[in-house]
Amino acid sequence: MGPLSREAWAQRLGALRASPSAFMAGPEGESLGRDLLSDLRSDKLTEQTKVSLLALSLEFPAQLWPDASAAEAAATSLLDTLVLLSPRPSALRRPLLLAATTALVAGGALGPTSGASGRLLPLLLGLAAGRDLGPGFGPVSEQRPLQATACECLRELESCQPGLLGGCLGLLRGLLGREGPVQPLSLLVALVLRNILVAQARAGASLRGLLTAGDPPTGDGPCPWDWTLAEEGDIHLQPQAPSWLAAEEGEHGLAALEPSPEEARELRATVAQLLDASYLLTPVAQAQLLWLLGWGLRGLRGQPPTLFKPQLVRLLSTAQLTLLHAVVALKAAFGEALFTAQDEALLLHRLTMAAQHPALPPPTHLFYLHCLLSFPENWPLGPVGEETTPLLLGPRLCQGLLPSLLHDPMALLARLHLLCLLCAEDQEEEEEKGQAESLQHYLEELLAGLQRRAALAGGPRASATLCFQASYLVAHCLAGQPAVLTPLIQGLARLYQARPALAPHFVDLLDRVGPELGEPLRVVLWQEVVSETGRDVALRWHLQMLAKVADGGAQSVTLRFLQAAASYCTDWGLQQALLGVCRTLLRARGGGGLADLLQALAGQLEDPDGRDHARLYYLLLANLSGPKLAMALGPSLAAPALASSLVAENQGFAAALTVQEAPASLRLSVGPRRVEGPSPVLELQVEALQPLYSLELRFRVEGQLYEPLGAVHVPCLCPGRPARPLLLPLQPRRPAPTRLGVRALYTTPTGLTCHAQLPPLPVNFADLFLPFPQPPEGAGPGFFEELWATCLPEGAESRVWCPLGPQGLETLVSHHLKPFVVAAQPPASYCVAIRLPPASRLLLRLGVAQADGVSVALRTDDWAVLPLAGDYLRGLSAAA
């Protein structure tokens, strides 16, 4: 079989990227890697097509070379293809090097027994060293890019096998300062140096002249690759790890490495050489270089961190966040050994002033605040691990960082965290005490403002969430200050009184805070609940709150509230909430009053499920002692050795009263698109795996782009019988795709009620398309032109190239856009008008089809629709 054409490869690449697992499991998946390697040597494909094939091998190496033998063969073939290239300039040399390296690493073939590894490593090292490897490796103009690529490949190999290039460190160091790519070589040398320092320290060995320059390895010379060094210990260290390697690691720490005076001089010279040229690197590369060198030298004897001082002077005023992050990391690593008190004050002032800049984007603002909250002081006063503000960061300096209700939620919480830390400090002088009292008063006013905003009826959920997040933060940071917690508790009590629907938030807060806030807040909330009347419209929320805050004390008051509320619990949900409070009191071993209430509920409740629960609770209370009752009401009703026979006899009964979590017993999928009606409707296909009764499907929309969706009910489903499609109306707030979370509640043939989580359902952009009313015959072009003109100037327009693939324009339009065509002159042009709920429109003007696609002009009155429409049009050929 001959090589595939460019079009055939484009089709295969598109299918692979659309679904890699499905394509590799198909008939073409097995031969994909073999065909790729073969066609790389074909003269019928252009270099651009071959570059695309090599990009595929970099994107999906694990699928193309699934085991070590396949990866070894692939790397050998790629190296052979590289050697066979003609001497003229070629765009394939660098991708071939990257592909061979990726195949060995991803396939697990890199090792001392690999022939391809033995060929690749000397080749990469020779290219990195700038050696003349013959005319087969391109003209002189191509050597510098090849040298940079070789350094990147060597860095990848060293990252995967730390210590592999330790024997070449002297050679690589000798390349510094020569003509060639600075950034890839500097990062490579820094990585090898860091790895060899860590490895030699753990092995208790010296550097053994590894920093001395040597000759490049040849095929006949000794092997410089140290495979054993990489295999002896787990030293796969990340260059951007979240924390520094501890210098005090006992015999395995860097302090165990004692270089000789000559080795120490060579090490300092190497580090200084890397740092002196660091200004030539990009900011991200500079930050990585500082991380690597700082990590490698931290705790090393005889290596003072003053080597970093010139870079510190240069970077203290940098505006690059990556470099500023590296500076803060160096301060955390070296402390006062590198940063003087003046340096610390300058850096802290720099962070404080930058955080107050009004034009900062939110991520940058949060970065500066995080640096202040986690600032590593030279001489912290508190115990290790205690969360405090830096000593120099006083209330006066932080005046511009106080939180406000106008800030976005993340910035407000970060600023509030800083304010809480300032309020937590003990002030001794009168002036400082006055400032602390002022900050505390400001904190109380801020919390009161958040509570007032959360108390607004019908207010957004985000306001309530922010209020409780702020309350938790204050309780966490100021747990030992009653002067702050008392007004906070009073404000939360007023919030619950104004908006009982926030009961789930209060329950979550009580679960998370400590006893300093939790106990007094529980008592205050209990008083608020029992002071209400049983007929309150918020009875459901009062019962949910009472189930959390009720305890064994003052049960008579709680029971009077429950007795008054019982007559108003007319639906199943309220009855279950009432029984939940009884269950809480049951755990506290309620007395005769609880027994009387349960007896009354067993005959009073309308729902048989509620009556059965009340009867079961009464039996448990009357027949079990305290420890056995706690076991019976625990998370599992399995009878342990101490449980009575009554519990064992009622296990099946109790299980029948409980909604059981079970694996999904049905499949749910999206059916064909429906385009009629005033709003978009999702057609759902449901298939039962067992008989199901009283099925209820509940949908949750991810994000806030859609109105809440109602539940869908199906009386009965049986496997093997076709079920009618289910229609789910959608009410988008913005025309955008989303995903629907689905939960199913149903009854099994055995009488158990089960709930299951189903896979999420996608709502695609095209599922929202609705047609315009059809204009009178012959009026279509004029109707479309009128719509086209009204989109501007408020709207937006663009032009997109839509690939056609093997099908033509007429086929594409008939399959995807036929209901929305307003005017057409096939096959020359089509005018498409689409309504997008709630109130947007999308107009498409398809021109004359070309060989591989068609130009589409777009107009819309909603600019946010443009990228979605562009993605939709570009994916039509793949969808067909």
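Quantities reported herein were computed from a predicted structural model and do not represent experimental measurements.

Draft legend 1. Region of interest: the overall build of the chain. In terms of helices and strands, the chain carries 36 helices and 14 strands. Burial analysis of the chain (880 residues in total) assigns 48% to the buried set. A separation threshold of at least 6 residues defines the contact pool for the chain, and within that pool the share at least 24 residues apart is 69%. Surface exposure of the chain reaches about 41400 Å², of which carbon and sulfur atoms provide 55%.

Draft legend 2. Molecular detail of the confidence of the model for the chain. Mean pLDDT over the chain stands at 83; residues scoring 70 or higher make up 87%. Within the model, the stretch residues 233-252 combines pLDDT values under 50 with 47 contacts to residues more than four positions away or in other chains. Contacts for the low-pLDDT stretch residues 636-650, under 50 throughout, to residues beyond four places or in other chains number 19 contacts.

Draft legend 3. The arrangement of the sheet that holds strand β3 (residues 681-688) in detail. The antiparallel open sheet is built from three strands, whose spatial order is β2-β3-β6. Of all strands in the sheet, those bounded by a partner on one side alone are β2 (666-670) and β6 (726-729). In this sheet, neighbouring strand axes are inclined to one another by 30° on average, regardless of whether the strands run parallel or antiparallel. Pairing between β3 and β6: four bridges, direction antiparallel. In the strand pairing of β6, E683 is matched with L727.

Draft legend 4. Focus on the environment of L171. Considering the arrangement of structural elements, one finds L171 in helix α10 (residues 169-175). The class for L171 is buried, based on a relative accessible area of 10%. The spatial distance from the C-alpha of L171 to the C-alpha of A129 is 8.1 Å, given a sequence separation of 42 residues.

Draft legend 5. Region of the structure containing empty space enclosed by the protein. Tallied over the entire structure, the rule returns one cavity of 30 Å³ or more. In this structure, the largest cavity occupies an estimated 40 Å³ of space. Taken together, V670, G671, P672, R673, R674, V681, L682, E683 and D767 make up the lining of the largest cavity. Residue contributions to the lining of the largest cavity peak at three residues, all from β3. Split by residue class, the lining of the largest cavity holds four nonpolar, one polar and four charged.

Draft legend 6. Quick peek at the nonpolar core. L546 and L562 are the most contacted members of the largest nonpolar core, which has 196 residues in total. Excluding residues that lie within four positions of it along the chain, L546 makes contacts with W526, V529, V530, T558, F561, L562 and V581. Of all hydrophobic cores here, the second largest spans 59 residues; its members include V712, C802, Y830 and L836.

Draft legend 7. View of the packing of aromatic side chains. Going through the model one piece at a time under the given rule, you end up with ten aromatic pairs. Considering the side-chain rings of F765 and Y872, the 6.4 Å spacing of their centres and the 70° angle between planes classify their relative orientation as edge-to-face. A residue pair is termed long-range when its members are at least 10 positions apart, and F765 in the loop between β8 (753-763) and β9 (770-771) and Y872 in helix α35 (residues 865-874) qualify at 107 residues. Of the two residues examined, F765 and Y872, each falls in the buried class. Put simply, the rings of F765, F769, F820 and Y872 touch in pairs and so form one group of aromatic residues.

Draft legend 8. How the structure looks around the pairing of strand β11 (residues 821-825). Both β11 and strand β12 (residues 829-836) contribute to a ladder of four bridges, which runs antiparallel. Following the sheet pairing, V821 is matched in β12 by V832. Taking the residues between adjacent antiparallel strands as the criterion, β11 and β12 are bridged by three residues.

Draft legend 9. Molecular detail of the side chain of S57. Note that S57 resides in helix α4 (residues 47-59). Filtering out sequence-adjacent residues up to four positions away, S57 remains in contact with L64, W65, A99 and T102.

Draft legend 10. Representation of the packing of helix α3 (residues 32-39) against α4 within the structure. Following both chains from N to C, one finds α3 and α4 inclined at 145°, their axes separated by 10 Å at the closest point. Between α3 and α4 lies a crossing whose hand is left-handed. Mapping the contact onto sequence places L32, L36 and D39 in α3 and K50, L53 and L56 in α4. Tallied by class, residues from the contact of α3 with α4 come to four nonpolar, no polar and two charged.

Draft legend 11. Focus on the sheet that holds β8. What the five strands build is an open sheet, ordered β1-β8-β7-β4-β5; its pairing is mixed. Every interior strand has two partners, whereas the edge strands, β1 (660-661) and β5 (712-717), have only one. With seven bridges connecting them, strand β4 (residues 692-701) and strand β7 (residues 738-747) associate as antiparallel partners. Following the sheet pairing, Y693 is matched in β7 by T747.

Draft legend 12. Fine view of the pattern of salt bridges. A complete count under the given rule lists 25 salt bridges for this structure. Two residues, R93 and E142, come together in a salt bridge whose shortest N-O distance is 3.1 Å. Taken together, the positions of R93 in helix α7 (residues 93-106) and E142 in the loop between α8 (115-128) and α9 (143-160) put the pair 49 residues apart, joining distant regions of the chain. A salt bridge links R674 to E683, with the shortest nitrogen-to-oxygen separation between them at 3.0 Å. You can call E683 buried: its relative accessible area is 10%. Where salt bridges share partners, they join R12, E28 and D35 into one cluster.

Draft legend 13. Main features of helix α1 (residues 6-18). With 13 residues, α1 ought to run about 18 Å at 1.5 Å a step, and its terminal C-alpha atoms sit 18 Å apart, in line with that. If you check which residues of α1 are buried, you get W9, R12, L13 and L16. For α1, the angular spread of buried residues about the axis comes to 100°, placing them on one side. What points out from α1, more than 90 degrees from its buried face, is the exposed set E7, Q11 and A18. Turning to α1, the residues buried within the fold contact α2 (20-25), α3 and α4.

Draft legend 14. Main features of α4. Counted at 1.5 Å a residue, the expected span for α4 with its 13 residues is 18 Å, and the 18 Å between its end C-alpha atoms agrees. When we look at burial in α4, the residues that qualify are T49, K50, L53, L54, L56 and S57. With its buried residues spanning 150° around the axis, α4 presents them on a single face. Buried residues belonging to α4 abut α1, α3, α5 (61-64), α6 (68-83) and α7.

Cut-offs applied
- Counting restarts for each chain, with residues numbered from 1 along the sequence as it is written.
- Under the rules for a predicted model, residues below a pLDDT of 70 receive no local features and side-chain atom pairs below 80 are neither given nor counted, while totals for whole chains, interfaces and linings still include all residues.
- Processing note: side-chain calculations cover all non-hydrogen atoms of the structure and skip hydrogens and water entirely.
- Secondary structure follows DSSP: runs of H or I at least 4 residues long count as helices, runs of E at least 2 residues long count as strands, and numbering of each begins at the N terminus.
- Relative accessibility thresholds used throughout: buried, under 20% of the residue-type maximum; exposed, over 50%; partly exposed, between the two (1.4 Å probe, protein chains only).
- What makes two residues a contact is simply this: any of their non-hydrogen atoms within 4.5 Å.
- For every accessible area listed, the method is Shrake-Rupley and the probe measures 1.4 Å; residues are considered covered only by the protein chains on display.
- Across the chain, each position has a pLDDT score giving the predictor's confidence in that residue, from 0 to 100.
- By the convention used here, strands pair only if DSSP detects at least 2 bridges between them.
- A fitted line through C-alpha atoms serves as each axis, taken over the contacting stretch for helices, and the angle formed by two N-to-C directions is quoted from 0 to 180°.
- A pocket, in this scheme, is an open set of points on a 1 Å grid over the protein atoms alone with protein on both sides within 12 Å along at least 5 of 7 lines, while a cavity is a set where a 1.4 Å probe fits but cannot get out; residues line either one if an atom lies within 4 Å of a point.
- Grid points are joined across faces, edges and corners, and a volume is the space filled by probe spheres set on the points.
- Think of it as three bins: nonpolar holds Ala, Val, Leu, Ile, Met, Phe, Trp, Tyr, Cys and Pro, charged holds Asp, Glu, Lys and Arg, and polar takes everything else, Gly as well.
- Nonpolar cores are built from buried Ala, Val, Leu, Ile, Met, Phe, Trp, Tyr and Cys residues. Side-chain atoms within 4.5 Å join them into one set.
- Two aromatic rings, drawn from Phe, Tyr or Trp (for Trp, its six-membered ring), form a pair once their centres lie within 6.5 Å of each other, and the interplanar angle then sorts them: stacked below 30 degrees, edge-to-face above 60, tilted otherwise.
- Each crossing is labelled by how the near helix is turned from the far one, with a counterclockwise turn of less than a right angle marking it left-handed and a clockwise turn marking it right-handed.
- Salt bridge, as used here: a side-chain nitrogen of Lys or Arg that lies within 4 Å of a carboxyl oxygen of Asp or Glu.
- Multiplying one less than the number of residues by 1.5 Å gives the expected span of a helix.
- Directions are taken from the helix axis to each C-beta atom, and the arc is the one they span.

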